[in-house]
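Here are the chains, one letter per residue:
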Amino acid sequence: MKKWITFDLDGTLMQNPFGKWVFPEVEELISQQLKQPYKSTEALVREHERRMKENRTVEAYDWDEMVRELIGELKLELAIDVEQLVLKHSAAPKIYLLEEAVIPVLKQLKVQGYSLATVTNGFYKYQYPVMKELGISEWFEEIVTPELAGCGKPNEQIFDGLRKSGEIVAHVGDRLDHDVYMANKTNVPSIFIYRQLPEALRALTPRERSTHADFAPLLRKKLVSEDPAANIDPLSESYIPTHVICTLDELAGCLE
């Protein structure tokens, strides 16, 4: 039976081209067709959030479909292929690894006998080109995405396919509402990467940080930034990670 370590991608291992390149180009194309400025990114994000609230966790990340729907609502004769825009912009410096340690850490985990998988809310067609260009696709045995799994995070059923071949010993991610919540709900150690960790907390172990009084306000602030409607008083244990790391180099010390 395999011992899986699962990773979120965006904000955890890599920067994708959506925010600074893909969405702005979509906005430019639509604005040109309308002959006036149009904030398509805001419209797309609103639709994404609506679908998430309705628990449509696969459809909420189908950007090609949402762009087509928006173009239809605007009654434009325009074809935009988001997948092709991702391919166009999947080059440095538009995309990059968030730490130099990413590949060395993945390599070391493989040497230690762990099986690695990504569990991401980005569709495969958007994520794989970025992973390949950055040189990390080869380190993962599985790339789990919503349209392949039939659900997206924080639905814990996204883990089901991996559990058929082994045990998930840790999940690493940068979001409390998706990564930490999902892992905690399934009794998987939740390793929260928080690169802005204050120096005073860096002296503590990853396990000690998660329950330290000085970290609680940071957790509340982070959760509200992810979900403004979240109840943070008191902060549910569902959103408290089992470990907090500030660099991937600390990950090995979290594995039992």
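Overview of the structure. Note that this is a predicted model, so its numbers are computed, not measured. (Residues numbered from 1 in each chain as written. Predicted model: local features only at pLDDT ≥ 70, side-chain atom pairs only at ≥ 80, totals over all residues. Heavy atoms only, no water.)

## Quick notes on the overall build of the protein
Here is step 1: The secondary structure content of the protein amounts to 12 helices and eight strands.
Here is step 2: For 256 residues, the compact-globule formula gives about 18 Å, and the C-alpha radius of gyration of the protein, at 19 Å, lands near that figure.
Here is step 3: For the protein, the C-alpha atoms occupy an extent of roughly 55 × 40 × 35 Å along the three principal directions.
Here is step 4: Looking at the protein as a whole, 48% of its 256 residues are labelled buried.
Here is step 5: Relative to all contacts within the protein whose residues are 6 or more apart in sequence, the contacts with residues 24 or more apart total 70%.
Here is step 6: Of the accessible surface of the protein, which amounts to about 12,800 Å², a share of 50% is contributed by carbon and sulfur atoms.
Here is step 7: Placing the 30 positive and 41 negative side-chain charges of the protein at their respective mean positions leaves the two points 1 Å apart. (Helix = DSSP H or I, 4+ residues; strand = E, 2+ residues; numbered from the N terminus. Rg over C-alpha atoms; globule rule 2.2 N^0.38 Å. Buried < 20%, exposed > 50% of the residue type's maximum accessible area, 1.4 Å probe, protein only. Contact = heavy atoms within 4.5 Å. Areas by Shrake-Rupley, 256 points an atom, 1.4 Å probe, with all protein chains shown as cover. Lys, Arg positive; Asp, Glu negative; His and termini not counted. Charge placed at Lys NZ, Arg CZ, Asp CG, Glu CD.)

## Comments concerning the pattern of salt bridges
Here is step 1: Within this structure, the stated rule accounts for 20 salt bridges.
Here is step 2: Across the salt bridge formed by Glu47 and Arg50, the nearest N and O atoms sit 2.7 Å from each other. You can see Glu47 and its partner Arg50 sitting in helix α2 (residues 40–53), three residues apart, about one turn around the helix.
Here is step 3: Under the relative-accessibility criterion, Glu47 is labelled buried at 14%.
Here is step 4: Residue Arg209 is joined to Glu250 by a salt bridge in which the shortest nitrogen-to-oxygen separation is 2.8 Å. (Salt bridge = Lys/Arg side-chain N within 4 Å of Asp/Glu carboxyl O.)

## Regarding the environment of Leu235
Here is step 1: Within the element layout of this structure, Leu235 appears in the loop between α12 (216–226) and β8 (243–245).
Here is step 2: Judged by its relative accessible area of 14%, Leu235 is buried.
Here is step 3: Expressed as a C-alpha distance, the spacing of Leu235 and Phe192, which sit 43 residues apart in the sequence, is 16 Å.
Here is step 4: Apart from residues lying up to four places away in sequence, Leu235 is in contact with Leu219, Arg220, Leu223 and Ile240.

## Focus: the state of the cysteines
Here is step 1: Applying the stated criterion across every chain yields a total of zero disulfides.
Here is step 2: With no disulfide of its own, Cys246 lies closest to Cys254 among cysteine sulfurs, the gap being 10 Å.
Here is step 3: Given a relative accessible area of 8%, Cys246 falls into the buried group.
Here is step 4: Looking at Cys254, the relative accessible area reads 5%, which means it is buried. (Disulfide = S-S within 2.5 Å.)

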